[in-house]
Amino acid sequence: VNGTINIQNGSELITNGTFASNITGWTDNSTPPDSAAWSASYGGSMLLNGAIAYAKADQSITTVIGQKYTVSVEEKANANGVGYLFVGTTQGASDLASITLPVATAGIYTTTFTAVGTATYVRVYCGWNGLYVDNISVFPISLIANGTVFVNNTNSAGAVAGDVVLHYNNAIES
């Protein structure tokens, strides 16, 4: 594998990113009549309706300066227009990271950011009706490899100094 491998190294920082029964932990900062609200759709999700004046849901998290984090969001449905997940140094800012949630392209979207302060802000934002999001997550990560990574169950032939070798066995535990 060539590239970067990041490993989750700590606890989930988002409160209620799964929206099982409500959006507690998130603040609906939408301009009325728009809203960010809980929906039973998709087993529980946040529904953003923002066609008049933008739907916005915000949460602040505590971060460590210089620590790298991964942020992800699952778009369940979006039939009308692009939505966003912003990570910033102030509420609503996207100066640390931005994820675009495209029209009609459900999936999990992920990026990384490095904290520059102890307070970091996450916002889900939409100027259209009908954006359903779920499984919003922020985790601290550790870089374990940036280059060639060998994953095998026998040997590390071809590895050179600085490479990472991950060994495994074929045993399956149940």
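For clarity, every value in this text was computed on a predicted model and none was experimentally measured.

### A short note on the nonpolar core
Next up, step 1: Counting 29 residues, the largest nonpolar core has Trp-26, Met-46, Leu-48, Leu-85, Val-133 and Ile-136 as its most contacted members.
Next up, step 2: Elements that contribute at least two residues to this core include exactly strand S4 (45-49), strand S5 (55-62), strand S6 (68-78), strand S7 (83-88), strand S8 (97-101), strand S9 (107-114), strand S10 (119-126) and strand S11 (129-152).
Next up, step 3: Looking at this core element by element, the count peaks at four residues for S11.
Next up, step 4: Look past the residues within four positions of Val-133 in its chain and what remains in contact with it is Phe-19, Ser-45, Met-46, Leu-48, Val-73, Glu-74, Leu-101 and Val-124.

### Some thoughts on the pattern of salt bridges
Next up, step 1: Inspection of the entire model under this criterion finds two salt bridges.
Next up, step 2: Residue Arg-123 is joined to Asp-58 by a salt bridge in which the shortest nitrogen-to-oxygen separation is 2.7 Å. Taken together, the positions of Arg-123 in strand S10 and Asp-58 in strand S5 put the pair 65 residues apart, joining distant regions of the chain. Per residue, the accessibility class of Arg-123 equals that of Asp-58, and both read buried.
Next up, step 3: Between Lys-76 and Glu-74 there is a salt bridge, with the nearest N and O atoms lying 3.3 Å from each other.
Next up, step 4: Using a relative accessible area of 23% as the deciding quantity, one classes Lys-76 as partly exposed.

### What to know about the side chain of Arg-123
Next up, step 1: With relative accessibility at 11%, the residue Arg-123 sits in the buried group.
Next up, step 2: A distance of 2.7 Å separates polar atoms of two side chains, one belonging to Arg-123 and the other to Asp-58.

### Observations concerning the confidence of the model for the protein chain
Next up, step 1: Averaged over all residues, the pLDDT of the protein chain equals 86, while 77% of them reach at least 70.
Next up, step 2: Note that residues 167-174 has pLDDT below 50 and, in this model, eight contacts with residues that lie over four places away or in other chains.

### A word on the sheet that holds S5
Next up, step 1: Spatially, the five strands line up as an open sheet ordered S2-S5-S10-S7-S8, and their pairing is antiparallel. Each edge of the sheet is formed by a strand with only one pairing partner; in this case those strands are strand S2 (27-28) and S8.

### Concerning the environment of Pro-102
Next up, step 1: In this fold, Pro-102 is placed in the loop between S8 and S9.
Next up, step 2: Considered as a pair, Pro-102 and Val-82 are 20 residues apart in the sequence and their alpha carbons are 4.9 Å apart.

### Things to note about the environment of Met-46
Next up, step 1: The residue Met-46 is located in strand S4 in this model.
Next up, step 2: Measuring from C-alpha to C-alpha, the distance between Met-46 and Asp-134 comes to 6.3 Å, with 88 residues separating the pair along the chain.
Next up, step 3: Contacts of Met-46, omitting those with residues within four sequence positions, involve Phe-19, Ile-23, Trp-26, Ala-36, Ala-37, Ala-57, Leu-131, Tyr-132 and Val-133.

### Quick notes on the packing of aromatic side chains
Next up, step 1: Summed over all chains, the structure comprises seven aromatic pairs.
Next up, step 2: Judged by centre distance (5.3 Å) and plane angle (20 degrees), the rings of Tyr-69 and Phe-113 are stacked. Residue Tyr-69 is found in strand S6, and its partner Phe-113 is found in strand S9; the two are separated by 44 residues along the sequence.
Next up, step 3: An aromatic cluster is defined as three or more aromatic residues linked by ring pairs; in this entry it consists of Tyr-54, Tyr-84, Phe-86 and Tyr-125.

What counts and what doesn't
- Residue numbers here run from 1 along each chain, matching the order of that chain's written sequence.
- A pLDDT threshold of at least 70 governs which residues receive local features in this predicted model, and a stricter bar of 80 or more applies before side-chain atom pairs are shown or counted, although totals over entire chains, interfaces and linings include all residues.
- To obtain the side-chain values, all non-hydrogen atoms of the structure were included, while hydrogens and water were left out.
- Here, the term nonpolar core denotes a set of buried Ala, Val, Leu, Ile, Met, Phe, Trp, Tyr and Cys residues that are joined through side-chain atoms within 4.5 Å.
- Type-normalised accessible area, obtained with a 1.4 Å probe on protein chains alone, sets the label of each residue: buried when under 20%, exposed when over 50%, and partly exposed for intermediate values.
- A run of H or I in DSSP counts as a helix once it spans at least four residues, and a run of E counts as a strand once it spans at least two, with each numbered from the N terminus.
- Note on contacts: a residue pair is in contact if any heavy atoms of the two residues lie within 4.5 Å.
- Only one rule defines a salt bridge in this text: a Lys or Arg side-chain nitrogen within 4 Å of an Asp or Glu carboxyl oxygen.
- N or O atoms within 3.5 Å of each other form a polar contact, as long as, within protein, one can give a hydrogen and the other can take it, and as long as residues adjacent in sequence are counted only when both atoms are side-chain atoms.
- Confidence of the predictor in every single residue is expressed as pLDDT, which spans 0 to 100.
- Two strands are counted as paired when DSSP detects at least two bridges linking them.
- Geometry of aromatic contacts follows a simple scheme: Phe, Tyr and Trp rings, the Trp one being its six-membered ring, pair when their centres are within 6.5 Å, and the pair is stacked under 30 degrees between planes, edge-to-face over 60, tilted otherwise.

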